[in-house]
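Structural overview
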Amino acid sequence: MYKKNEGIRNVAVLCAILLIFGIALFGCFGQIRNSLQQQLMSSIEGMAEQNEILIEKEVSTRFRLLSSLAREFSDGDESIFVDRLQGFVETYQFKRMGYIASDGIAQTTDGYHLDMSDRETFRQSMQGKQRLTDTFEDQIDGSDEIVNAFSVPVYEKDQKTVKGVLFATGRYEMFEGCLQNEIFEGQAFNYIVKMDGMIIAASGNSREWGIGKNIFTADISADENDDAAKSRMISDMKSGKSGYGMDPKRKEVSLYYYMPLKIEETGDEWYVVTAASESVLTNRMQVVMDAINSLIVIILVIISVSVGVYIYSWRKSKKELISLAYQDPVTLGDNFAAFKEKAKSKKDGAGWLAAMDLADFKLINSTCGVKKGDEVLRAVSEIFENEKGDNELVAHVNADRFVLFWMEENQDAIKERLERVIKKIEEIPERLEIPNLFPVFGIYHTMVLDEIDPLYGNAVLAKHQIKGRRDRHYMFYDELNHESIQENRELEDHFEMALEKEEFEIWYQPKYSAHTRKLVGAEALVRWRRQDGSLIPPLKFIPLFERNGNIIRLDEYVFRAVCRQQKAWQEQGQKMFPVSVNISRVSLYYSNVVEKYESIIRSYDLDSKYIQLEITESATIDNNEIFNLLEQFHTAGFKILLDDFGSGYSSLSTLNRMHFDTIKLDKSLVDYIGDDNGEKLLNSITKLAQSFGMEITAEGVETVEQLMFLCNLDCDDIQGYYFSRPLPVREYEECLKEACM
Ligand code: C2E
Ligand code: CA
Ligand code: CA
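Each value, and the rule that gives it
Residues numbered from 1 in each chain as written. Chains lettered and ligands numbered in written order. Predicted model: local features only at pLDDT ≥ 70, side-chain atom pairs only at ≥ 80, totals over all residues. Heavy atoms only, no water. Helix = DSSP H or I, 4+ residues; strand = E, 2+ residues; numbered from the N terminus. Contact = heavy atoms within 4.5 Å. Donors = N, O, S within 2.8 Å, 3.2 Å for Na, K, Ca; no water. Buried < 20%, exposed > 50% of the residue type's maximum accessible area, 1.4 Å probe, protein only. 1 Å grid on protein atoms, 1.4 Å probe; cavity = no way out; pocket = protein on both sides within 12 Å on 5 of 7 lines; lining within 4 Å. Points joined across faces, edges and corners; volume = space filled by probe spheres on them. Nonpolar A, V, L, I, M, F, W, Y, C, P; charged D, E, K, R; others polar. Pairing = 2+ DSSP bridges. Axes fitted to C-alpha atoms, helices over the stretch in contact; angles between N-to-C directions. Near = heavy atom within 4 Å. Polar contact = N/O pair within 3.5 Å; in protein donor to acceptor, adjacent residues only side chain to side chain. Areas by Shrake-Rupley, 256 points an atom, 1.4 Å probe, with all protein chains shown as cover. Patch = residues over 30% accessible without salt bridge, like charges linked within 9 Å, V, L, I, M, F, W, Y side chains within 5 Å. Salt bridge = Lys/Arg side-chain N within 4 Å of Asp/Glu carboxyl O. Lys, Arg positive; Asp, Glu negative; His and termini not counted. Charge placed at Lys NZ, Arg CZ, Asp CG, Glu CD.

Note on placement: Glu556 falls in helix H14 (residues 551-572). Ignoring sequence-local partners within four residues, the contact set of Glu556 consists of Tyr590, Lys596, Tyr597 and Ile600.

Laid out in structure tokens, this is it:
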């Protein structure tokens, strides 16, 4: 009943959605990482540029000072130079300043006299160059402090010959102060590096590299695989270019940027290098990741909730669909489809399949209302549900039809259960204040429950045998079996012969006026006189011939015979009474039926007022064309009687829709007499029919009580055993004669 595949499909769709989501997220991460990296790179570059500007500014400021002092000293007395310098040492954050005379003897602001003639700086400045040295350890005072030296030439007055060198010793802190590291929470590192890779200065936070180390040989791009980056850096530096490098394996300097410092005094050999550790990237990534993670959690929650809601509503709608497909809307129990599904999945299919309906249920619907009808169906369903045992089934098929599957060892046990439910069903009318109910069951014994339709068909067949008889509530398929099937076949086979040999006899059942108790006419009823003299009642062969279509010829035969008989009585000078002839609904289906009957009656030169036609109401339900047919029959002069009114298929609405001249109250209605609700029903039906100007004939009147009640209702005619059974033609002729007296 339930499709597993649908569930699997939904889970697959869900997984696909999650997968797509995951892939999208992964791609997203990559992009975020790239853009973060780029951002980082440009920050590093920006920082390097800042460093460059600062360093260049600091250096040039100092050279400007030294240059202007040198100019001042060109015509001064060398002995006072040092005193003159004293005031600038502190201001420019030098460790010391000094003057070296052309013989190489230096005098410093901190009181040293020493020979510096072998110093490279001295030599170069003596040649007219300004110099800035690399960092070195201060040997003059023996402190080993890291310092560097600025030197400028001091010219003679003529500005051509160098007479000495002015120098200043810079403190390492000056560079350190220039090498900013506030960005990236101190995870950025700055260096001043010589072209050959030697580190001249490093920012204070630098742990891995220090002064004196070489970034090429010692560290950056130590990874052998990244030799390319290293050689690029080397060649870039040689040609004064700036550039990036990256080595994620290195902690402190996984990203770095290098750019040349434009300081002529160093021979343009200095570079500033800024590096950031991998942790900066990962930390930043972490922040983004945290945000994304919260986003994912939120999205997952939203997805889960939506999926939950979706699955819930999907299940709900599936349940609704299943209940639509398998639940009976009236009883809310199983419908026939559910019955079949459950039967299919049953392992043990041996048991009894019963088809059940309620005789005259239609009448309850039309007289007490559909709501009441539904109540009755629910009450019946409840009785069956209560009676249902484990592994047994019950369902409402449609209208007043139910199907049951009971499991019992033998017929007697089934009969016992049937009696029990029948008794309960017969208790419903009193409770719901409706006319009597007459349940009818057909039961088929089966060993397997695979295809329900043929089994149900057999049960229905059995039920039909007793339908409308009101003498039995149930019939087992086995009972009707071979005997009647065989009999039916025999009757079918002999139909042609019987027509030819005129084996069909017409009997006449007289109808009497309810008021005068005098004969008013008769109904023609067919019987089959077999060769052996036995007489077969119409209920044995009419339904059979209705099924195989022979009824069309039989009805016509009876109609012809009655016309012939009436004509004969007319010619004999008998008093004429109308005779009604039954026309099966099957006969009404063939075309030109009205012309046919009209031409027959004309052929006997008989007035159509002597022949009436009885049509059952089921015909009116099956054939909408009947309305036109009735008009045509009327035009042809026939009176039309609505036969069997109240026997199951009746519907009060027919009365105003169709133009019938007379309604014939079915015996089942007449049998209600004596029952309170039934009598009320009869009362309202007759009132209604009379209000439409119809005459009423009561059928099956057997007792004087029934007669009296019907007289009181102002019924017109009475037909029934109380007055007379159907009579062979000779006996009916006696009645005719009596009527003349
Ligand atoms: P129907 O047209 O309702 O005919 C009335 C039936 O009720 C007759 O049964 C009649 O014998 C029976 N009946 C009349 N009064 C009483 C009574 O007081 N008590 C009881 N228990 N029964 C009573 P019958 O003659 O056996 O006919 C049965 C049915 O066969 C008819 O029911 C009619 O539907 C059909 N039938 C008979 N002759 C023809 C025919 O020529 N053509 C067609 N199409 N159907 C026919
Ligand atoms: Ca009839
Ligand atoms: Ca009837």
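Turning our eyes to something else, we now look at the coordination of the calcium ion (ligand 3). By definition of the ideal shapes, four donors in a tetrahedron about a metal sit 109.5 degrees apart, and six donors in an octahedron sit 90 or 180 degrees apart. Distances from the calcium ion (ligand 3) to its protein donors, Asp643 (OD), Asp644 (OD), Glu699 (OE) and Glu699 (OE), fall within 2.2 to 2.6 Å. The metal-metal distance between the calcium ion (ligand 3) and the calcium ion (ligand 2) is 3.8 Å, with Asp643 coordinating both. One end of the pair, Asp643, is in strand E23 (residues 639-645); the other, Glu699, is in the loop between strand E25 (695-698) and helix H22 (704-712), and 56 residues separate them in sequence. The buried category is assigned to Glu699, whose relative accessible area is 11%.

One way to see where empty space is left: roll a probe the size of a water molecule over the atoms. Per the counting criterion, the structure on display carries 1 cavity of 30 Å³ or more. Considering the residues around the largest cavity, the lining is formed by Thr331, Gly333, Asp334, Ser381, Glu385, Val394, Ala395, His396 and Phe402. For the lining of the largest cavity, the elements supplying multiple residues, two or more each, are helix H9 (370-387) and strand E14 (393-398). Ranked by the residues each element gives to the lining of the largest cavity, the list is headed by E14, at 3 residues. A class-by-class count of the residues in the lining of the largest cavity yields 3 nonpolar, 4 polar and 2 charged.

Strand-to-strand pairing in sheets goes through backbone hydrogen bonds, with the strands running parallel or antiparallel. The strand order E14-E15-E13-E16-E17 describes an open sheet built from 5 strands, whose pairing is mixed. Every other strand in the sheet has two partners, leaving E14 and strand E17 (474-476) as the edge strands with one partner each. Ignoring which end each strand starts from, the neighbouring axes of this sheet average 20° apart. Here helix H7 (residues 336-344) sits on the sheet and contacts strand E13 (351-359), E14 and strand E15 (401-406); the angle it forms with E14, its principal contact strand, is near 145°.

Turning to its location among the elements, Thr109 is positioned in the loop between strand E2 (105-108) and strand E3 (113-115). You can call Thr109 buried: its relative accessible area is 11%. Ignoring sequence-local partners within four residues, the contact set of Thr109 consists of Val82, Leu85, Gln86, Val89, Arg96 and Met97.

For the rest of this paragraph, the subject is the site of ligand 1. Lining the immediate surroundings of ligand 1 are 23 residues, of which Gln509, Arg527, Asp555, Glu702 and Tyr721 lie closest. With respect to ligand 1, the side chain of Glu523 contributes an N or O atom lying 3.0 Å from an oxygen atom. A distance of 3.4 Å is found between an oxygen atom of ligand 1 and a side-chain nitrogen or oxygen belonging to Glu699. Protein coverage of the free-state accessible area of ligand 1, which is 780 Å², stands at 83%. Put simply, the parts of the chain that give the shell around ligand 1 at least two residues each are strand E19 (519-529), helix H13 (538-548), H14 and E23. Residue contributions to the shell around ligand 1 peak at 4 residues, all from E19.

Listed as protein donors to the calcium ion (ligand 2) are Glu523 (OE), Asn582 (OD1), Glu614 (OE) and Asp643 (OD); their distances from the metal cover 2.0 to 2.4 Å. Between the donor residues of the calcium ion (ligand 2), the gaps in sequence give the motif E-x58-N-x31-E-x28-D.

The computed volume of the second largest pocket comes to approximately 310 Å³. What lines the second largest pocket is a set of 14 residues, and nearest its centre among them are Phe504, Ile506, Ala561, Arg564 and Gln565. Mapped by element, the contributors of at least two residues to the lining of the second largest pocket are strand E18 (504-513), H14 and helix H23 (729-740). Partitioning the lining of the second largest pocket into residue classes produces 9 nonpolar, 1 polar and 4 charged.

As a further point, take a negative patch on the surface. Residues Asp77, Glu78, Asp103, Asp115, Asp118, Glu156 and Asp158 make up a contiguous surface patch of negative charge. Of note, Asp103 is situated in the loop between strand E1 (94-101) and E2.

On to the pairing of strand E7 (residues 162-171), then. Where burial is concerned, most of E7 is hidden: 9 out of the 10 residues are buried. Relative to E7, E1 is paired through 7 bridges, and the arrangement is antiparallel. By the bridge assignment for E7, Gly98 is matched with Phe167. Alignment of strand E6 (residues 146-155) against E7, held across 9 bridges, turns out to be antiparallel.

We now examine unusual backbone geometry. The phi dihedral of Gln93 is positive, around 55°, even though this residue is not glycine. Among the secondary structure elements, Gln93 is positioned in the loop between helix H2 (81-91) and E1. The phi angle at Asp714 is positive, at roughly 70°, despite the residue not being glycine. Examined against the element boundaries, Asp714 turns out to sit in the loop between H22 and strand E26 (717-718). Since its relative accessible area comes to 42%, Asp714 is described here as partly exposed.

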